[in-house]
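# Close look at the chain arrangement
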Amino acid sequence: VLFIHVVLDGPTLWSEVIESLDQQNFQPWVAYYPSGLRLNMVSDYLTEAVSRLPDKHDFKEFIIISHSMGGLITRSFVKRYVERAPGNSKNLRLVMTISSPMGGISSASAGLKHSPIVVPSWRYVMTGSDFLKGIHTWNWPERIPYHLVISYKDGKSGDGTVPLQSQIPLKLQSEATRMYVFNNDHVGTLSDINFLEFLLVFFQYTQQQYLD
């Protein structure tokens, strides 16, 4: 299971999720990248690295779980990974994105205009960017199950960081195998007992499907 973190964070973000993982049947891996980098550079790196891993470590299938901006990187990665070799889709057992700004973040545009220091990733995550257009005009492969996790807080239009409308663009709703909603804030969802219990059952079911 490859975990991809959020901007301004790192692999420790996944500590509680990894602790709850059945590590007899699933091996946790984490992608670690400078979160200010251009997102296409990160997805290019992942595509190159992941393409080499099955032969190097002798495994056939893997899962990706990503949070927030990691979901954008994940979608870009899957696009590049499958385009590189269509047969690669059989290696990717499923993908889950959590609280991801799939429709972009409008405040990133303001940062580009007014901030004295511009972080390169802002150009990619801002609403309407060429990067977002590129990954959304592409159609998700039917062979790869896509599970969409959404978070929200009572009285807010989203989870306090990402608006609901950005988490669930209509196209993603149509592509998702299933959607799940948790009442927690942007980062809090990852340590939410309800979410951790959900993941436990989810992986048990996934393992049973593999055995069947």
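Calculation rules
Residues numbered from 1 in each chain as written. Predicted model: local features only at pLDDT ≥ 70, side-chain atom pairs only at ≥ 80, totals over all residues. Heavy atoms only, no water. Helix = DSSP H or I, 4+ residues; strand = E, 2+ residues; numbered from the N terminus. Rg over C-alpha atoms; globule rule 2.2 N^0.38 Å. Buried < 20%, exposed > 50% of the residue type's maximum accessible area, 1.4 Å probe, protein only. Contact = heavy atoms within 4.5 Å. Pairing = 2+ DSSP bridges. Axes fitted to C-alpha atoms, helices over the stretch in contact; angles between N-to-C directions. pLDDT = per-residue confidence, 0-100. 1 Å grid on protein atoms, 1.4 Å probe; cavity = no way out; pocket = protein on both sides within 12 Å on 5 of 7 lines; lining within 4 Å. Points joined across faces, edges and corners; volume = space filled by probe spheres on them. Nonpolar A, V, L, I, M, F, W, Y, C, P; charged D, E, K, R; others polar. Salt bridge = Lys/Arg side-chain N within 4 Å of Asp/Glu carboxyl O.

To continue, consider the overall build of the chain. Per the secondary structure count, the chain includes nine helices and six strands. Taken over C-alpha atoms, the radius of gyration comes to 17 Å for the chain, in line with the 17 Å a tight globule of 212 residues would show. Projected onto its principal axes, the C-alpha coordinates of the chain cover approximately 55 × 40 × 30 Å. Residue burial in the chain is summarised as follows: out of 212 residues, 50% are buried.

Before going further, it helps to spend a moment on the environment of glutamine 207. Relative to the assigned elements, glutamine 207 resides in helix H9 (residues 193-211). Judged by its relative accessible area of 16%, glutamine 207 falls in the buried class. Ignoring anything within four residues of it in the chain, the contact list for glutamine 207 reads Asn25 and Phe26.

So, about the sheet that holds strand S3 (residues 62-67). Strand order across the open sheet formed by six strands is S2-S1-S3-S4-S5-S6, with parallel pairing between neighbours. Edge strands, defined here as strands with exactly one partner in the open sheet, are strand S2 (29-31) and strand S6 (178-183). Within this sheet the neighbouring strands show an average axis-to-axis angle of 20°, counted without direction. Relative to the sheet, helix H3 (residues 69-84) contacts strand S1 (2-4), S3 and strand S4 (92-98), its axis offset from that of S3 by approximately 145°.

We now examine unusual backbone geometry. One non-glycine residue, aspartate 58, adopts positive backbone phi at about 55°. Checked against the element boundaries, aspartate 58 lands in the loop between helix H2 (39-57) and S3. On the accessibility criterion, aspartate 58 (71% relative accessible area) is exposed. A positive phi is found at serine 99, a non-glycine position, where the angle reads about 50°.

Below, the discussion takes up the confidence of the model for the chain. Summary statistics for the chain give a mean pLDDT of 88 and a share of 91% for residues scoring 70 or more. When mean pLDDT is compared element by element in the chain, strand S5 (residues 146-152) scores highest at 97, while helix H4 (residues 107-114) scores lowest at 59.

Now for empty space enclosed by the protein. Per the counting criterion, the structure on display carries one cavity of 30 Å³ or more. Approximately 30 Å³ is the volume found for the largest cavity. Surrounding the largest cavity, Val17, Ser20, Leu21, Leu199, Leu200 and Phe203 form its lining. Ranked by residues supplied to the lining of the largest cavity, first place goes to H9 with three residues.

Moving on: the layout of surface pockets. What the largest pocket holds in volume is close to 620 Å³. Residue lining of the largest pocket: 24 residues in total, with Val1, Gln27, Phe59, Glu61 and Phe62 positioned closest to the centre. Elements represented by at least two residues in the lining of the largest pocket include exactly S2, H2, S3 and H9. A breakdown of the residues in the lining of the largest pocket according to their chemical character gives 16 nonpolar, five polar and three charged.

Moving on to the pairing of S4. Within a regular strand, side chains alternate between the sheet's two faces. When you tally the buried positions in S4, you get six out of seven residues, the bulk of the element. As defined by bridge partners, S3 adjoins S4 across six bridges and the pair is classed as parallel. Bridge assignment links histidine 67 to a residue of S4, and that residue is isoleucine 98.

So, about the pattern of salt bridges. Across all of its chains, the model carries seven salt bridges by this definition. Put simply, arginine 52 and glutamate 48 hold a salt bridge, and the shortest N to O gap is 3.0 Å. Here arginine 52 and its partner glutamate 48 are both found in helix H2, four residues apart, which amounts to about one turn of the helix. Overall, arginine 52 belongs to the exposed group, its relative accessible area being 57%. Taking relative accessible area as the criterion, glutamate 48 reaches 31% and is therefore assigned partly exposed. The residue lysine 171 makes a salt bridge to glutamate 175 at a minimum N-O spacing of 2.5 Å. Here the residue lysine 171 and the residue glutamate 175 both occupy positions in helix H8 (residues 170-175), the gap between them amounting to four residues, near one helical turn.

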